Amino acid sequence: MIDSPDQTTQTGTTLTAREKRDLQKAQLRPLANLRPELYDEDDYSQDELETMMEMYNGTMASIEEGEIVKSRVLDIRDNMVVLDIGFKSEGTIPLEEFKDLPDLKPGDEVEVLLEHLEDQEGSVVLSKKKADFMRVWERIRVAYENDEPVRGALIKKIKGGVVVDLMGVDAFLPGSQIALRRVPNVDELLGQTFDFKIIKLNKRRRNIVVSRRVILEQERAGKREKLMKELQKDQVRKGVVKNITDFGAFIDLGGVDGLLHITDMSYGRIQHPSEMVHIGQELEVKVLDIDWDRERISLGLKQLQSYPWKDVAEKYPVGTRVSGKVVSITNYGAFIELEPGIEGLVHISEMSWTRNVRHPSKLVSIGEAIEAVVLKVDPNEEKISLGMKQTEQDPWMMLPEKYPVGTRLNGKVRNLTSFGAFVEIEPGIDGLIHISDMSWTKRVQHPSEVVKKGDSVDVVILNVDAENKRISLGLKQATEDPWLRIGETYPVGTELKGKVVRLMDKGVVVDIGNDIEGFVPVSQLNFGQPVNSPADIVYETMNLDLRVLEVDPIHRRIVLAVTGIPADQPPRPETPSKVIPMESDDYNLSDPIPTPPDSYVEEPA
């Protein structure tokens, strides 16, 4: 507003008449711009200028830029509202600023903000939106200064948070201030109304930041103090499921959250807490532990249920045939759920009578329904031992009748060990051919000298030990014993040729053909001359001329003497042949066949 000129300036200097007139003309010049037909500074005297100044000042006395003024709607046209504020010209405001007044009509009074008395075209510049903002801003400012909550609605999600409508003014709600914990799905809150605290205010930038978390923390603090006086261990209280995670669910006990861990939800096995509870569900829980210093409350749901292991020994006595579902598989067995909260273990050794199970997954799978027999019950340790193979008759018990001693059959070599070969005589049942039962005439050092894996061989049942699950097989017994005819084939004095197979400290083993080995004592190596070691005379693969000195079919031996050393010989090995110790000159007795250990141990294939 323009004030009337004084006789002096602000510094106290008295104006001359000329200066006073120039000042009045300058102040009236805006009026000349608006109403040129009323003003021409050259046509007015000093008294007339004074009169016009009074008229001008009176017109503008009640209107100032930046003020909220009352206006009257003159007309609504072309999406614009024409308003009269009682000034020299009318003002217009876009119709969209009157969304809160859908029934607006000519003659209605509304409050607007007078932004400028005139724009470049000489029109009054008005704004209803800014007037609304100023009125709301004042209420917001008062709430901020007095630390009072304000009501607002979440209207849309933006980067970093949510836009909140506070009485028609947009405010920013950071994501961290929405709730006490991170909200997994903000979209579910849009459209809802809450109380907020204003935590930051900047009128110049029209920046308002609000927080709901501050109010929730204040409420929680009050409820927590009250709950601390009421809550006790082992209490049963009602709560509402507030949030669900992979490891459990948070339960609102009335201002304070407690954790219901997945292991305390059910005595049975569950994969995820959502199988037991859902958000918003009301349920009763038991207080298991309270730690106010760490603000942790542990809750239990299964503790309100009956203990399933009570009287389990009477319910599942040893020998009972049961059925259940495979719920877990480990390297050592499979866990079977007999009923919710009760599981039994089928150890890998109790899965099959005949199969050598490498891993339980070869026989069972998760979710599969199986039958088993209760082997042992330990209620104190909450353990039940089950057996799958016990649901069938032990095939080993029938083997002595099915395969009496002397039975001839054909089988496949499944594996080799240092002491023999395992032969499958029917699916899942193997018998052992010991190296001593592989040849009538050869001293077999390793099964690979006679058979190899995958060979199909004819064998004879020598013994069946059903209790220890062992079957002894004979390979040589499937053929006629050649020693009954060797005496006729190689009579004493027979001249023959042989090849050195092994060096013993008491003599040399030679191969005389037809898978027959003979023995040359040290005394018969050098034509009667003394010999310290067989290695001084012969080496492995060396050819010798021999004569039969003795044939003993009972002890299965042929004693030979060296009659000559042929000139044509294979090259002597760079490494001297190993000399094997013997206890006597008796070849059969001094070269014992190693016996297998107490239990068959297979070498890797």
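Residues numbered from 1 in each chain as written. Predicted model: local features only at pLDDT ≥ 70, side-chain atom pairs only at ≥ 80, totals over all residues. Heavy atoms only, no water.

1. Some thoughts on the overall build of the protein chain
Rules: Counting from the N terminus, the helices are DSSP H or I runs at least four residues long and the strands are E runs at least two residues long. The cut-offs for exposure are 20% and 50% of the maximum accessible area for each residue type, with area from a 1.4 Å probe on protein chains only; residues under the lower value are buried, those over the upper are exposed, and the others partly exposed.
The secondary structure content of the protein chain amounts to 8 helices and 31 strands. Burial analysis of the protein chain (605 residues in total) assigns 41% to the buried set.

2. Considering the sheet that holds strand β24 (residues 456-465)
The line we're drawing: Strand pairing is assigned whenever DSSP detects at least two bridges linking the two strands. To obtain each axis, a line is fitted to C-alpha atoms, and for helices this fit is confined to the stretch in contact; angles are then taken between N-to-C directions over 0 to 180 degrees.
Taken in spatial order, the 5 strands close into a barrel running β21-β22-β23-β25-β24, and their pairing is mixed. Along the sheet, successive strands turn relative to each other by an average axial angle of 55°, direction set aside. Sheet topology places β24 next to strand β25 (residues 470-474); 5 bridges connect them, and they run antiparallel. Pairing of Val460 across the sheet is with Gly474, part of β25.

3. Topic: the sheet that holds strand β4 (residues 109-116)
Taking strand neighbours around the barrel as the criterion, the 5 strands line up as β1-β2-β3-β5-β4 in a closed arrangement whose pairing is mixed. Put simply, the sheet's adjacent strands are angled 50° from each other on average, direction ignored. Bridge count for strand β3 (residues 91-94) against strand β5 (residues 124-127) is 2 bridges, and the pairing is parallel. Paired with Gly91 across the bridge in β5 is Val124.

4. Things to note about the confidence of the model for the protein chain
Selection rule: You can read pLDDT as the predictor saying how much it trusts each residue, on a scale of 0 to 100. It only takes one pair of heavy atoms within 4.5 Å for two residues to be counted as in contact.
Confidence along the protein chain averages 80 in pLDDT terms, with 84% of residues attaining 70 or more. Looking over the protein chain, one finds the lowest element-wise mean pLDDT in helix α8 (residues 587-590), namely 44, and the highest in strand β20 (residues 383-387), namely 92. Segment residues 31-39: pLDDT under 50, and 14 contacts once partners within four positions in sequence are set aside and those in other chains are kept.

5. A closer look at the nonpolar core
Quick reminder of the rule: Buried residues of nine kinds, namely Ala, Val, Leu, Ile, Met, Phe, Trp, Tyr and Cys, make up a nonpolar core once their side-chain atoms join them within 4.5 Å.
Counting 26 residues, the largest nonpolar core has Val510, Ile512, Val538 and Leu546 as its most contacted members. Among the secondary structure elements, those contributing two or more residues to this core are α7 (483-489), β26 (495-504), β27 (507-513), β28 (516-521), β29 (543-552) and β30 (557-564). Here this core gets 4 residues from one element, more than from any other, and that element is β29. Apart from the residues within four sequence positions on either side, Ile512 is in contact with Tyr490, Leu496, Lys497, Gly498, Leu546, Ile558 and Leu560.

6. Focus: the pairing of strand β12 (residues 248-252)
Of all 5 residues that make up β12, 4 are buried, and the element is covered over most of its length. Note that strand β11 (residues 236-244) and β12 share 4 bridges and pair antiparallel. If you follow Val240 over to β12, its bridge partner there is Asp252. The hairpin turn running from β11 into β12, its antiparallel successor, is 3 residues long. Note: β12 against strand β13 (residues 257-261), 5 bridges, orientation antiparallel. The residue of β13 that forms the bridge with Gly248 is His261.

7. What to know about the pattern of salt bridges
Quick reminder of the rule: We count a salt bridge whenever a side-chain nitrogen from Lys or Arg sits within 4 Å of a carboxyl oxygen from Asp or Glu.
Inspection of the entire model under this criterion finds 23 salt bridges. Two residues, Glu230 and Arg237, come together in a salt bridge whose shortest N-O distance is 3.6 Å. A relative accessible area of 35% means that Glu230 is categorised as partly exposed. Between Lys242 and Asp257 there is a salt bridge, with its nearest N and O atoms 3.3 Å apart. With Lys242 in strand β11 and Asp257 in strand β13, this residue pair connects regions lying 15 residues apart in the sequence.

8. Observations regarding helix α4 (residues 213-230)
The following threshold applies: Multiplying 1.5 Å by the residue count of a helix minus one yields the expected span of that helix.
Taking 1.5 Å of rise per residue, 18 residues should cover 26 Å, and α4 covers 25 Å from first to last C-alpha, within 8% of that figure. Where α4 is buried, its residues meet β9 (193-202) and β11.

9. Topic: the environment of Leu201
Within the secondary structure, Leu201 is located in strand β9. Residue Leu201 is classed as partly exposed on the basis of its relative accessible area, which comes to 23%. Along the primary structure Leu201 and Ala171 are separated by 30 residues, whereas in three dimensions their C-alpha atoms are 9.7 Å apart. Not counting chain neighbours up to four residues away, the residues in contact with Leu201 comprise Trp137, Ile140, Arg141, Tyr144, Asn207 and Ile208.

10. A look at the packing of aromatic side chains
As a reminder, the rule being used: Ring geometry is summarised as follows: Phe, Tyr and Trp rings, the Trp one being its six-membered ring, pair when their centres sit within 6.5 Å, and such pairs are stacked at plane angles under 30 degrees, edge-to-face over 60 and tilted between the two. Criterion for a charge above a ring: Arg CZ or Lys NZ at most 6 Å from the ring centre, at most 35 degrees from the ring normal.
The full count for this structure, using the stated rule, is 4 aromatic pairs. Between Phe247 and Phe250, the ring centres sit 6.4 Å apart and the planes meet at 85°, which makes this aromatic pair edge-to-face. A cation sits over an aromatic face here: Arg212 above Phe194, 4.1 Å from the ring centre.

11. Topic: the side chain of Glu426
For clarity, the cut-off: Polar contacts here mean pairs of N or O atoms no more than 3.5 Å apart (in protein, one a potential hydrogen donor and the other a potential acceptor; neighbouring residues in sequence count only if both atoms are side-chain atoms).
By the secondary structure assignment, Glu426 is in strand β22 (residues 420-426). Polar contacts involving the side chain of Glu426 include one to the side chain of Tyr403, which spans 2.7 Å. What Glu426 contacts, discounting residues up to four positions off in sequence, is Lys402 and Tyr403.

12. Looking at unusual backbone geometry
What you tend to see is this: most non-glycine residues have negative phi, and most peptide bonds are trans. Backbone geometry places Asn79, a non-glycine residue, at a positive phi of 60°. Following the sequence through the fold, Asn79 ends up in the loop between β1 (68-77) and β2 (80-84). Taking relative accessible area as the criterion, Asn79 reaches 60% and is therefore assigned exposed. Positioned with a positive phi, Asp147 is a non-glycine residue whose angle comes to about 55°. Position of Asp147 among the secondary structure elements: in the loop between α3 (128-145) and β6 (150-158).

13. Some points on the environment of Val373
Mapping Val373 onto the fold places it in strand β19 (residues 369-378). Taking the C-alpha atoms as reference, Val373 lies 8.6 Å from Ser385; in sequence the two are 12 residues apart. Setting aside anything within four residues of it in sequence, one finds Val373 in contact with Gly319, Thr320, Arg321, Ser385, Leu386, Gly387, Gln390 and Thr391.

14. Observations regarding α3
Here α3 contains 18 residues, and its C-alpha end-to-end distance of 26 Å stays within 8% of the 26 Å for a straight helix at 1.5 Å per residue. Of the positions making up α3, those classed as buried are Lys128, Ala131, Asp132, Phe133, Val136, Trp137, Ile140 and Ala143. For α3, the capping residue at the N-terminal end is Ser127, with a side-chain oxygen 3.0 Å from the backbone nitrogen of Lys130. Asp147, located one to two residues past α3, shows a positive phi value of around 55°.

15. What about the pairing of β29?
Of the strand pairs in this sheet, β26 and β29 are connected by 5 bridges, and their pairing is antiparallel. Looking at the pairing, Gly498 lines up with Leu544 of β29. Note that β29 and β30 share 7 bridges and pair antiparallel. If you follow Arg547 over to β30, its bridge partner there is Ala561. Between β29 and β30, which pair antiparallel and follow one another directly, the connecting turn spans 4 residues, one of which, Arg556, has a positive phi of 55°.

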